[in-house]
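# Examination of the molecular architecture
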Amino acid sequence: MGSCGVLACGFTVFVALWVVRGAVEASPPCDFPAFYNFGDSNSDTGGISAAFDAIRAPYGESFFHKPVGRDSDGRLIVDFIAEQLKLPYLSAYLDSLGTSYRHGANFATGGSTIGKPNETIYQYGISPFYLEMQMAQFNQFKQRTADLYAQAKNPWERSKLPVQEEFSRALYTFDIGQNDLSMGFRKMTPDQLKPSLPDIVNQLASAVQNIYKKGGRSFWIHNTGPVGCLPVNFFYNHNPLPGDLDEGGCLKSQNEAAMEFNRILKEKIVKLRSKLPQAAITYVDVYAAKFELISNAKREGFTDSMTVCCGYHVDYTHVWCGFKGLGVNKTEVFGSSCKNPGTSISWDGVHYTEGANRWVASRILNGSLSDPPIPITQACHRH
């Protein structure tokens, strides 16, 4: 096959993008009646907190003014998705108290992986509810809510349940994969981990296919973020070698593994579009948004990206956010929050603040970092 010159190829890409953007502008909003989320702590709205120990204060303080099962001081990206779609915040599937599933459910749990985990929640916080289990829960949820809806005796009983005909019109969102990398880094080098990435991505693709078989047609899939930029990586490594860091001051080898995961995921999504002809699948480059924020923290109005808002972190002594422990002088300290979480990127060394989540959401929900480049409100349209 012949090659094209730089100008010709560039013009072809420009025309293709122009055609897609023209189609987007002509497309009506999707009016999703519900959305269903699968993921880890980046999008868990109360699952792991309901299943195990409840997340404690000061989590949730900035927006909800109390702990609400989220690993942040406030809202997560999935909450900003709900707002953008004009839908209620998602209830966690595992939280049975005071919940409504009329407009969707959240199967994400903190610590979840795509692949079957080889660690437990008691070791490193890895959830037993990996993606295959989340799929099993979704399948059961769909069947049982259908039965309950049919058996309901009045409108009030039905008001908390999804309408079965709306599963095909719902949006299905995924934000998972970070813990597969983190779990792998504890056992092997990033280079040793890379050969396992295609299998992990295939398992994510299988989840999409499962939902497609159940009638789902619209998918919004986040890639994984720059795990090498998490401040926790430097809690016990204060002086990394200059060659170990990338231009954002993050662990280069870990970020390269994340980018390789994302490359494989993007290729798999292209193949899924051919395999699932009625599906609209949007690939969302969350990595680019988060890395941009971290690399330009002060320009964007945040403090240094490696500063942790919540917890006690002095030298090599660390007390996690919301916990008590001994400080450097052996007196008891509490892992409290900083005075202004809104200017911090990292909430607790692993998770992002509401301010950072809002910033990232503003970059991804408009479609500027998506393939195809469509906003989330139009993610039901194939392009």
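These lines cover the structure that appears in this document, whether it is placed above or below. (Residues numbered from 1 in each chain as written. Predicted model: local features only at pLDDT ≥ 70, side-chain atom pairs only at ≥ 80, totals over all residues. Heavy atoms only, no water.)

Ranked by size, the top nonpolar core spans 79 residues in total, and within it Y36, F38, Y172, F174 and F219 carry the most contacts. It is helix α9 (residues 197–213) that provides the largest number of residues to this core, a total of nine residues. Every residue in contact with F38, bar those within four places of it in the chain, is listed here: S43, F107, A108, L131, Q134, M135, F138, Y172, T173, F174, D175 and I211. Judged by nonpolar contacts, the second largest core, of six residues, contains I55, Y59, C309 and C321. (Core = buried A, V, L, I, M, F, W, Y, C linked by side-chain atoms within 4.5 Å. Buried < 20%, exposed > 50% of the residue type's maximum accessible area, 1.4 Å probe, protein only. Helix = DSSP H or I, 4+ residues; strand = E, 2+ residues; numbered from the N terminus. Contact = heavy atoms within 4.5 Å.)

In this section: the sheet that holds strand β4 (residues 218–222). Pairing is mixed across the open sheet formed by six strands, whose spatial order is β2-β1-β3-β4-β5-β10. A strand with exactly one partner marks an edge of an open sheet, and here the two such strands are β2 (104–106) and β10 (370–371). The pairing of strand β1 (residues 35–39) with strand β3 (residues 171–175) spans five bridges and is parallel. Counted as the bridge partner of G39 is D175 from β3. Of the strands in this sheet, β1 and β4 touch helix α3 (residues 77–84), which is tilted by about 170 degrees from β1. (Pairing = 2+ DSSP bridges. Axes fitted to C-alpha atoms, helices over the stretch in contact; angles between N-to-C directions.)

We now examine the layout of surface pockets. Approximately 1400 Å³ is the volume found for the largest pocket. Forming the boundary of the largest pocket are 38 residues, of which Y124, G125, W320, V350 and H351 lie nearest the centre. Put simply, the parts of the chain that give the lining of the largest pocket at least two residues each are α4 (121–124) and α7 (178–185). Of the residues belonging to the lining of the largest pocket, the class tally is 19 nonpolar, 12 polar and seven charged. Along the walls of the second largest pocket sit Y93, D95, S96, T99, Y101, F141, R144, T145, L148, K160 and L161, which together make up its complete lining. Taken together, the residues of the lining of the second largest pocket break down into five nonpolar, three polar and three charged. (1 Å grid on protein atoms, 1.4 Å probe; cavity = no way out; pocket = protein on both sides within 12 Å on 5 of 7 lines; lining within 4 Å. Points joined across faces, edges and corners; volume = space filled by probe spheres on them. Nonpolar A, V, L, I, M, F, W, Y, C, P; charged D, E, K, R; others polar.)

What follows is about the packing of aromatic side chains. By the definition in use, this model includes 23 aromatic pairs. An angle of 75 degrees between the planes, with centres 5.7 Å apart, marks the rings of Y59 and W347 as edge-to-face. Taken together, the positions of Y59 in the loop between α2 (47–51) and α3 and W347 in the loop between β9 (332–334) and α12 (354–364) put the pair 288 residues apart, joining distant regions of the chain. Side by side, Y59 and W347 carry an identical accessibility label, which is buried. Seen in terms of ring centroids, F107 and F141 are 5.7 Å apart; in terms of plane orientation they differ by 85 degrees. Their pairing is edge-to-face. One end of the pair, F107, is in the loop between β2 and α4; the other, F141, is in helix α5 (residues 131–151), and 34 residues separate them in sequence. Like F107, the residue F141 is buried in the burial classification. In this structure an aromatic cluster arises from ring pairing among Y36, F38, Y93, Y101, F107, F138, F141, F167, Y172, F174 and F219. (Phe/Tyr/Trp six-rings, centres within 6.5 Å; stacked < 30°, edge-to-face > 60°.)

On their own, these measurements won't tell you what the molecule is for.
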